[in-house]
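Observations on the model geometry
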Amino acid sequence: MPSRRRVLGWLGAATAAGCVHTAPVAPLVADPEQPLRLGWRWVAGARMTFRTVITRYVGSVGYTRAEDWTYVATDLDPSGVIHLEGKLVGLGTQVTADGHDVDARRLDAARAVAARQTPEEVFLDLRLSGRIVACSLADFAQALPHRLMAVHFPAAGVRPGDTWPDPGLARAFAPVLPLDQDVRTSTQATLSDVASADAGLRCTLAHTAQLQVGAIGPAIEVVATTTWDTDPGALTRRSVEARWRPDVGADGRAIGTLTAELSRLDGP
């Protein structure tokens, strides 16, 4: 494994670690009683680091993968799309069975393969309103840590209790569905809470998404909670759970559940 990529310690896999730079943005003064216009506040040259911990459960076995990525904003075009270059700076894997860690020595070969197969860079085009316009990684598993950053915000201001369509999660999980089948999607985001933070406001959003194959085919149901800080104008934390319905494949085996935890390491 290249020396520039650190191996993540599992005791700290869900917490901030390392020294990273804070995006150079001006303080934002916001009034929780007024409608909020939410969105990213990237500026050219800014950088943020995110950790994604993704676990897939199949029966009693859990397969966990953690990745740390540092994104640098290279350019903001007039249409409001920021161009990001991402570098992999941390990677870790873990397998549990019946709630117990599998002996690390049994995983060494698989970890070496995972390290070789993990891309070390990604290029994203992200609208400041939250939509990912383009991602250089097409593979579902490789792209998921980046596509989980998508939170679609309406152009108009929102208040607690307001809802709006938010197809970001549906688009993140769509690649696992058959390409030759009609897929119906239903998505929603809700601004559930706004509270004062150290600077600006901290917003909590609830998300639901359902992808249904055909009229009676299988479905993916996704629920998520997002914490968003108006200063610096960025996603702070996100918890996601995706389930197949029905949770049994054609071979009779349980397909399982996928959970993801996304956190900004240079945030509070």
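The rules behind each value
- Residues numbered from 1 in each chain as written.
- Predicted model: local features only at pLDDT ≥ 70, side-chain atom pairs only at ≥ 80, totals over all residues.
- Heavy atoms only, no water.
- Helix = DSSP H or I, 4+ residues; strand = E, 2+ residues; numbered from the N terminus.
- Buried < 20%, exposed > 50% of the residue type's maximum accessible area, 1.4 Å probe, protein only.
- Areas by Shrake-Rupley, 256 points an atom, 1.4 Å probe, with all protein chains shown as cover.
- Phe/Tyr/Trp six-rings, centres within 6.5 Å; stacked < 30°, edge-to-face > 60°.
- Salt bridge = Lys/Arg side-chain N within 4 Å of Asp/Glu carboxyl O.
- Contact = heavy atoms within 4.5 Å.
- Polar contact = N/O pair within 3.5 Å; in protein donor to acceptor, adjacent residues only side chain to side chain.
- Pairing = 2+ DSSP bridges.
- Core = buried A, V, L, I, M, F, W, Y, C linked by side-chain atoms within 4.5 Å.

What the chain contains, in helices and strands, is three helices and 13 strands. Burial analysis of the chain (268 residues in total) assigns 42% to the buried set. Total accessible area computed for the chain in this model is approximately 13400 Å², and 53% of it derives from carbon and sulfur atoms.

In this structure the tally under the stated criterion is seven aromatic pairs. A network of ring pairs unites the aromatic residues W40, W42, F50, Y71, F153, W164 and W228 as a single cluster.

Of note, the bond from D231 into P232 is cis; its omega dihedral lies within 30 degrees of zero at 25°. Tracing the backbone shows P232 in the loop between β11 (219–229) and β12 (234–245).

This next bit is on the pattern of salt bridges. Evaluated as defined, the whole model comprises eight salt bridges. Taking the shortest distance from any N to any O, the salt bridge between R41 and D231 comes out at 3.9 Å. Taken as a pair, R41 in the loop between β1 (6–7) and β2 (47–58) and D231 in the loop between β11 and β12 lie far apart in primary sequence, 190 residues in all. We classify R41 as partly exposed; its relative accessible area is 24%. Assessed through its relative accessible area of 18%, D231 is described here as buried. Here R243 and E241 are joined by a salt bridge, their closest N and O atoms 3.0 Å apart. Among the charged side chains, a salt-bridge network with shared partners connects R202, D229 and R264.

Right, let's get into helix α2 (residues 140–147). Regarding α2, the residues found buried are A143, L144, P145 and H146. Packing partners of the buried residues in α2 comprise β2, β3 (61–76), β6 (121–127), β7 (132–135), α3 (168–173) and β13 (257–264). In this structure D139 caps α2, since a side-chain oxygen of it lies 3.2 Å from the backbone nitrogen of A141.

A word on the pairing of β2. Note: β2 against β3, twelve bridges, orientation antiparallel. In the strand pairing of β3, T49 is matched with T70. Linking two consecutive strands that pair antiparallel, namely β2 and β3, is a turn of two residues; a positive phi of about 65° is found at G59 within it. The sheet contact formed by β2 and β13 spans eight bridges and is antiparallel. Counted as the bridge partner of I54 is A260 from β13.

As a further point, take the nonpolar core. Core analysis: the largest hydrophobic core is formed by 54 residues, its most contacted members being W40 and W42. Non-local contacts of W40, meaning those with residues more than four positions away in its chain, are made with M48, F50, L126, R127, L128, G130, M149, W228, G233, A234 and L235.

A separate point is the pairing of β3. Where β3 and strand β4 (residues 81–97) come together, 15 bridges link them in antiparallel fashion. Bridge pairing in β4 links D75 to H83. Between β3 and β4, which pair antiparallel in sequence order, lie four residues; one of them, G80, sits at a positive phi of approximately 90°.

This part covers the environment of S239. With respect to the helices, strands and loops of the structure, S239 is situated in strand β12. The class for S239 is partly exposed, based on a relative accessible area of 31%. Considering only alpha carbons, one finds S239 and T259, 20 residues apart in sequence, at a separation of 7.5 Å. A polar side-chain atom of S239 sits 2.7 Å from a polar atom in the side chain of E261.

Our next topic: the environment of L76. Of note, L76 is situated in strand β3. Considered as a pair, L76 and G45 are 31 residues apart in the sequence and their alpha carbons are 9.8 Å apart. Filtering out sequence-adjacent residues up to four positions away, L76 remains in contact with V81, I82 and L128.

Right, let's talk about the environment of F123 for a bit. Mapped onto the elements of the fold, F123 is located in strand β6. Residues F123 and H83 lie 40 residues apart in sequence; the distance between their C-alpha atoms is 7.4 Å. Excluding anything up to four places from it in sequence, F123 contacts L84, E85, A134, C135 and S136.

By the secondary structure assignment, T49 is in strand β2. Within the structure, the side chain of T49 is placed 2.7 Å from the side chain of T70, a separation counted as a polar contact.

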